[in-house]
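Residue strings, one per chain:
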Amino acid sequence: MEYKHFSHEHHLTLSKVQEGHHHQCHGCPALCHPPSSIFACWKCNFFLHEHCGNANRFIKHPAHPEHPIILTPTPTYCSGSFICNACGSPGNSFSYSCALCELDLHVNCAFLPLKVTQKAHEHDLYLYIPSPDSSQETTKEVCKICAKELSPKLWSFICAKAECGFRVHTCCATNEVKPGQYIDDGPEVIDQTSSNSAKSQPEVETNQTQTGFTMDQLNEIEQLRLQMQMSNQLAQMMASFNLANLV
Ligand SMILES: [Zn+2]
Ligand SMILES: [Zn+2]
Ligand SMILES: [Zn+2]
Ligand SMILES: [Zn+2]
Ligand SMILES: [Zn+2]
Ligand SMILES: [Zn+2]
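Basis of the calculations
- Residues numbered from 1 in each chain as written.
- Chains lettered and ligands numbered in written order.
- Predicted model: local features only at pLDDT ≥ 70, side-chain atom pairs only at ≥ 80, totals over all residues.
- Helix = DSSP H or I, 4+ residues; strand = E, 2+ residues; numbered from the N terminus.
- Buried ≥ 20, exposed ≤ 12 C-beta atoms within 10 Å, placed from the backbone.
- Pairing = 2+ DSSP bridges.
- Axes fitted to C-alpha atoms, helices over the stretch in contact; angles between N-to-C directions.
- pLDDT = per-residue confidence, 0-100.
- Contact = placed C-beta atoms within 7 Å.

> Where do I start with the overall build of the protein chain in this structure?
A count of helical and extended segments in the protein chain gives 5 helices and 18 strands. By residue count, 31% of the 247 residues in the protein chain fall in the buried class.

So, in structure tokens, the structure goes:
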């Protein structure tokens, strides 16, 4: 089966990353780890995570309701990179952009969940997207997790209860979803990964292993889903065979 992706001139094939291999995704800064699926052009060593290759060309985002934001394969700025409006970090691969408003988002930032649970706080945290004209805010606030400064212009996760005053960086709230890590599943996936990695391995874990961990987890979940689908279909088939035999 061959696929065509708008960001690459040749057809791509979908295959599994082999054990011991890692490929650099052209859509995001994260590596493609085994046993995840990738779109590949082997001639050019061009790879995309399955989810990066499947990312929609246009999305409507609550952060920018005025215009659809468009998946852009390479930054259109002469510097060759963009600064993400959500996390403030640079990027040089895929972005979701509104050229009219100079809005640019990493693919993974564009798909940040609207709600997460964090072991560092007892309440749910909600994605907070400051309005573009909220920059006059002068009080310096620090992230309750990493204690580094929070920019009032960047996205953050906050507790809905004002008396908690709990506000953190997006990458700190979803510390299994470091910049470069795409996540498009619901918050239940985050709950699972954070509770799994939380108790056994605290802060010492490196980003690298956390990233791999999350991808593996996502993959396991996806495979379970497929397995369930398959066994359901099998059961249905068996049932219809039995019926046919009885008649
Ligand atoms: Zn990717
Ligand atoms: Zn190619
Ligand atoms: Zn970002
Ligand atoms: Zn716009
Ligand atoms: Zn932080
Ligand atoms: Zn709270």
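> Sorry, what's going on with the sheet that holds strand 1 (residues 2-4) here?
The pairing of strands in a sheet comes from backbone hydrogen bonds and takes either a parallel or an antiparallel form. Judged by pairing direction, the sheet is antiparallel, and its 4 strands sit side by side in the order 1-2-5-6 without closing on themselves. Each end of this open sheet is capped by a strand with a single partner; those strands are strand 1 and strand 6 (46-49). Put simply, the sheet's adjacent strands are angled 40° from each other on average, direction ignored.

> What is the right way to look at the pairing of strand 7 (residues 58-61) in this model?
Note that strand 7 and strand 8 (residues 64-72) share 3 bridges and pair antiparallel. In the strand pairing of strand 8, Ile59 is matched with Ile69. Remark: 2 residues form the turn of the hairpin made by strand 7 and strand 8, two consecutive strands paired antiparallel.

> Explanation requested: the pairing of strand 6 in the structure shown.
Consecutive residues of a regular strand have side chains that alternate between opposite faces of the sheet. Side chains Phe46 and Leu48 of strand 6 all project onto a buried face; the interleaved residues Phe47 and His49 project onto the opposite face, where all are buried too. Pairing of strand 5 (residues 37-41) with strand 6, which is carried by 4 bridges, proceeds in the antiparallel orientation. Of the residues in strand 6, the one forming a bridge with Phe39 is Leu48. If you look at the hairpin formed by strand 5 and strand 6, you'll find 4 residues sitting between the two strands, and Asn45 has a positive phi there, around 50°.

> Sorry if this is basic, but what is going on with the sheet that holds strand 18 (residues 167-169) here?
Taken in spatial order, the 4 strands make up an open sheet running 13-14-17-18, and their pairing is antiparallel. Both outer strands of the open sheet, strand 13 (115-116) and strand 18, are each paired with one neighbouring strand and no more.

> Help me out: how do you make sense of the confidence of the model for the protein chain in this one?
Regions with low pLDDT carry predicted coordinates that are not meant to be interpreted in detail. Across the protein chain, pLDDT averages 77, with 68% of residues at or above 70. Across the protein chain, strand 17 (residues 156-159) holds the top mean pLDDT of 96, while helix 4 (residues 187-200) sits lowest at 36. For the stretch residues 177-218, pLDDT sits under 50, and the model shows 69 contacts to residues farther than four places along the chain or on other chains. Note on residues 240-247: pLDDT under 50 across the span, and 0 contacts to partners over four residues away in sequence or across chains.

> What exactly am I supposed to notice about unusual backbone geometry here?
Backbone geometry follows two general trends: most residues other than glycine have a negative phi, and most peptide bonds adopt the trans configuration. The omega angle of the peptide bond from Pro34 to Pro35 is 0°, so this bond is cis rather than trans. Along the polypeptide, Pro35 turns up in the loop between strand 4 (31-32) and strand 5. Backbone geometry at Asn45 places phi at a positive 50°, although glycine is not the residue there. Tracing the sequence through the fold places Asn45 in the loop between strand 5 and strand 6. Here Ala147, not a glycine, exhibits a phi torsion of approximately 65°, which is positive. By the element assignment, Ala147 lies in the loop between strand 15 (141-142) and strand 16 (149-150). For Ala147, a count of 8 C-beta atoms within 10 Å puts it in the exposed group.

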